[in-house]
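Coordinate inspection notes
For reference, the chains in residue letters:
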Amino acid sequence: MATTLPESEFDARLAEVRGRLADTDADAATFFNATNIEYLSGFHHIQTERPVVLAVTQDGMEITVPRLEVERVEPNPRIDAVHHYFDYPQGRPIETAAAMLDGMGVESVVSDADGAPGVMGYEGPALSEFVEVDDQSWVDRMRWEKTDSEVDLVRESAKWANLAHRYLADYTEVGAHPVTVSQRATTDASRAMLDALGDRYAVRTRGSGPVHAGYISGEETALPHGHTPNERLAEGDVLITGASANVDGYHSELERTMFVGEPSDEQVHYFELMLEAQDVAIDALGPGASIAGVDEAVHDYFVEQGIEDTAQHHVGHNIGLGGHEPPYIDRGWDDYEYVDEGDEVMAAGQIYTIEPGVYTDEYGYRHSDTIAITESGVEWLTYFPRDLESNVIR
């Protein structure tokens, strides 16, 4: 079982960035996005009002962090030097990063942003006030296709998500509260994962478990991003579930539509329409398949069935270090700003959630499966049963 990325992954990523850098006139590449920094260096942090800046040259990699991250980043073997400011706003994060670049002999950079993102109240100067800046989105694009090692981590995530989802189903009963069922399934699956992996589990959480499972119920299911209601489960309730696990920062997505007790004829009708829509999408997947075309195929199916007004979102999205990553399976994908020639079609190594939904005035119906595109077709990574009978809780 794969639980961490091998060192060779980071070597290959850094080599690709340096190859791209060599094709520019810039002295360095800089990165402000927390996920991009993690992807290149393995240093993961929470993006707050305190900027972190990673700089890559042809012969070195250095980082600027707030004081509170120094001890966390210093052991990182890939980073040659750590620079820090005390805090924000009393510190000067961008000025510290500019001094780092000056010490590296850098006068011009290509960057994933012209300064830190304005989150949690951060307001700071642009990096271009100190050095010449051109933009690049290299790592964003590199993350689209996963290597075999990355797919292994998502596959491992799906295994523990499946266990958590089984616990969800087992613990659900009339009169139970969805919050406590979700907490129990999450805790038990996390305990099983930690017991099984032991010290092979790469720490990625702060107090919470490595596995998460839960659901929304009742009328909240009619909202794709509904909240868990403060209502105990009753006979006839519809559930939309979700389960995932964090494996060295990588995630999968498993969702099912379930019923508490025997579903009504109307509920069965919409469940079957949803399931067929997911089949339509999955049948359209594969290397070289039009990304926009997959969403178009589902839209055409909804129109054919006369239920296009029940759709509230596109078919799915790429997944990996981020819960949502491009490419997006959307009819507008061909016009998306990141698309270069050839990027309008699916490629081996991309991993998608396939989750077309049907939403009536009363309930919602959605499965989500995580599926990898391979050289010859697809590989299902999630595997909890999809059929109606397996998703009725009696």
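Note that the structure is predicted; figures quoted are calculated from it, not measured.

Helix and strand content of the protein chain: 9 helices and 17 strands. Computed over its C-alpha atoms, the radius of gyration of the protein chain comes to 23 Å, within 12% of the 21 Å expected for a compact globule of 394 residues. Counting only residues that meet the buried cut, the protein chain has 55% of its 394 residues in that class. Looking at the protein chain alone, contacts between residues at least 24 apart form 68% of all its contacts between residues at least 6 apart. Summed over its atoms, the accessible surface of the protein chain is roughly 17,100 Å², and 45% of this surface lies on carbon and sulfur atoms. For the protein chain, the separation between the mean place of its 25 positive charges and that of its 75 negative charges on side chains is 9 Å.

The next thing to look at is the UniProt feature "domain: Creatinase N-terminal" (unreviewed entry) in the protein chain. Feature annotation in UniProt places "domain: Creatinase N-terminal" (unreviewed entry) on residues 13–87, given in this structure's numbering. Split by type, residues 13–87 is 29% helix and 25% strand. Its first and last C-alpha atoms lie 30 Å apart.

When the terminal C-alpha atoms of helix H1 (residues 7–22) are compared, their 23 Å separation across 16 residues agrees well with the 22 Å that a helix rising 1.5 Å per residue should span. All buried positions along H1 are accounted for by Glu-9, Phe-10, Arg-13, Leu-14, Val-17, Arg-18 and Leu-21. Down the axis of H1, the buried set is contained in an arc of 165 degrees. They therefore lie on one face.

In space, the 6 strands of this open sheet follow the order S4-S3-S2-S1-S5-S6, with mixed pairing throughout. Unpaired on one side and paired on the other, strand S4 (81–85) and strand S6 (132–135) mark the two borders of the sheet. Neighbouring strand axes in the sheet, compared pairwise and without regard to direction, differ in orientation by 25 degrees on average. One ladder, built from 4 bridges, connects strand S5 (residues 108–111) with S6; its direction is parallel.

Another point: the packing of aromatic side chains. Applying the stated criterion across every chain yields a total of 11 aromatic pairs. Taken together through their ring pairs, the aromatic side chains of Trp-144, Tyr-328, Trp-333, Tyr-336 and Tyr-338 make up a single cluster. For the cation-ring pair, Arg-13 lies above Phe-10, with the distance from its terminal atom to the ring centre recorded as 5.2 Å.

The rules behind each value
- Residues numbered from 1 in each chain as written.
- Predicted model: local features only at pLDDT ≥ 70, side-chain atom pairs only at ≥ 80, totals over all residues.
- Heavy atoms only, no water.
- Helix = DSSP H or I, 4+ residues; strand = E, 2+ residues; numbered from the N terminus.
- Rg over C-alpha atoms; globule rule 2.2 N^0.38 Å.
- Buried < 20%, exposed > 50% of the residue type's maximum accessible area, 1.4 Å probe, protein only.
- Contact = heavy atoms within 4.5 Å.
- Areas by Shrake-Rupley, 256 points an atom, 1.4 Å probe, with all protein chains shown as cover.
- Lys, Arg positive; Asp, Glu negative; His and termini not counted.
- Charge placed at Lys NZ, Arg CZ, Asp CG, Glu CD.
- UniProt positions renumbered as here; feature names shortened; annotations may be inferred.
- Expected span 1.5 Å × (residues − 1).
- Arc of directions from axis to C-beta.
- Pairing = 2+ DSSP bridges.
- Axes fitted to C-alpha atoms, helices over the stretch in contact; angles between N-to-C directions.
- Phe/Tyr/Trp six-rings, centres within 6.5 Å; stacked < 30°, edge-to-face > 60°.
- Lys NZ or Arg CZ within 6 Å of the ring centre and 35° of its normal.

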